[in-house]
Amino acid sequence: MFFTVLTIFPEMFDPFWQHGIVRRAIEHKIIRASAVNIRDFAEDRHRVTDDRPYGGGSGMVMKPEPLAAAIRETSQTLPGAKNVLLTPQGRIFNQQMARELASYDGLILVCGRYEGVDERICHDLIDYEISIGGYVLTGGELAAMVLMDAVTRLIPGALGGEDAAEKDSFSDGLLEHAHYTRPRLFEDRAVPEVLLSGHHQDIENWRLESSVMRTLLKRPDLLQDKNLTRQERRVLKKWHQAIEEILDSHPGQTKGS
Ligand code: 4HQ
């Protein structure tokens, strides 16, 4: 996978590419990454990339000519890449989209600044318009980093453990189970005994139950959307049953608090 970012602030990406899993993936040639300065494609003496909006109003718009030249030249040298514009008007990014994007040979990530890019760019040169969430950034650069981070860790070999990405939150539509490490007792709170038992089947069952119940409590919307497995239904039924028994043990309390 290669990422080419088009931006007027290419230096913003250096720290992102120089740390952690992303750095390791570049060193192991699992991904390639570079930033291209849109300003280098401006033809005028002052290399201007923005202009005033037709129709008036405050703020500036990214000029189409330098951006179009940058996208065209980059696409030509990188066949097989998809062009992605980061914009609050795009589809909200999620794990499923990360998986889809990870299947391409390369991504050209277009980062706007100011009020956004000239509409004719989006229409003619962009394959995907993607938003990282319902809030307004000062530019697409941080959004491009979020997207690259999520996509990189899905490329085979990017994470140390072979199947680490598959075990994550969302890969099966549930949140991750709780995690614990040493010490066994931390500030009066113990690690669940089953995790110390060495019984692999018991541990797997506990983790499934932890996943299902954390999802129910923190993100019930995810359970609503999901096709539950038999085991997942069994966990929910068990807790449902336990709650009913508590309620049934207090007969007569039918109204009020
Ligand atoms: N932007 N998800 C670029 C965003 C944004 C988002 C604001 C992108 C301004 C020019 N990008 N413009 N949310 O807020 O991707």
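Residues numbered from 1 in each chain as written. Predicted model: local features only at pLDDT ≥ 70, side-chain atom pairs only at ≥ 80, totals over all residues. Heavy atoms only, no water.

A.B. asks: Tell me about the packing of aromatic side chains, and please be specific about residues and values.
C.D. replies: Tallied over the full model, the rule gives three aromatic pairs. Aromatic side chains Y180 and W206 sit 6.4 Å apart centroid to centroid with 55° between the ring planes, which places their arrangement in the tilted category. Of this pair, Y180 sits in the loop between α6 (141-152) and β8 (185-186) while W206 sits in helix α7 (residues 200-218); the two residues are 26 residues apart in sequence, bridging distant segments of the chain. The exposure class assigned to Y180 is partly exposed, which follows from its relative accessible area of 42%. Assessed through its relative accessible area of 22%, W206 is described here as partly exposed. (Phe/Tyr/Trp six-rings, centres within 6.5 Å; stacked < 30°, edge-to-face > 60°. Helix = DSSP H or I, 4+ residues; strand = E, 2+ residues; numbered from the N terminus. Buried < 20%, exposed > 50% of the residue type's maximum accessible area, 1.4 Å probe, protein only.)

A.B. asks: Let's hear about the nonpolar core: which residues, and what values?
C.D. replies: Formed by 34 residues in total, the largest nonpolar core has its most connected members in L109, I130, L147, M148 and V151. Looking at which element gives the most residues to this core, the answer is α6, with seven residues. Beyond its immediate sequence surroundings of up to four residues, L109 is in contact with F3, T4, V5, L6, V84, L86, A144, L147 and M148. Judged by nonpolar contacts, the second largest core, of 20 residues, contains I8, A68, L78 and I108. (Core = buried A, V, L, I, M, F, W, Y, C linked by side-chain atoms within 4.5 Å. Contact = heavy atoms within 4.5 Å.)

A.B. asks: Now, about the side chain of E141: what can you tell me, with residues and values included?
C.D. replies: In this fold, E141 is placed in helix α6. With residues near it in sequence (within four places) discarded, E141 still touches T7, I8, F9, M12, F13, C111, G112 and R113.

A.B. asks: Break down helix α3 (residues 64-77) for me, with residues and values.
C.D. replies: Helix length check: α3, at 14 residues, gives a terminal C-alpha distance of 20 Å against a target of 20 Å (1.5 Å per residue), a fit within 8%. Along α3, the residues that are buried comprise P66, L67, A68, A70, I71 and T74. Buried-residue contacts for α3 involve β1 (2-7), β4 (61-62), β5 (81-92), β6 (106-111) and α5 (119-125). (Expected span 1.5 Å × (residues − 1).)

A.B. asks: Tell me what's going on with the site of the ligand, and back it up with residues and numbers.
C.D. replies: As a structural note, the neighbourhood of the ligand is formed by 17 residues, with I132, G133, Y135, L137 and A143 the closest of them. L137 is positioned such that a nitrogen or oxygen atom in its backbone is 2.8 Å from an oxygen atom of the ligand. Across the complex, the protein chains shield 96% of the 360 Å² of accessible surface that the ligand would expose by itself. The dominant element in the shell around the ligand, judged by the number of residues it contributes, is β5, at three residues. For the shell around the ligand, a count of residues per class yields nine nonpolar, seven polar and one charged. (Near = heavy atom within 4 Å. Polar contact = N/O pair within 3.5 Å; in protein donor to acceptor, adjacent residues only side chain to side chain. Areas by Shrake-Rupley, 256 points an atom, 1.4 Å probe, with all protein chains shown as cover. Nonpolar A, V, L, I, M, F, W, Y, C, P; charged D, E, K, R; others polar.)

Take it as geometry only, folks, not as evidence of what the structure does.
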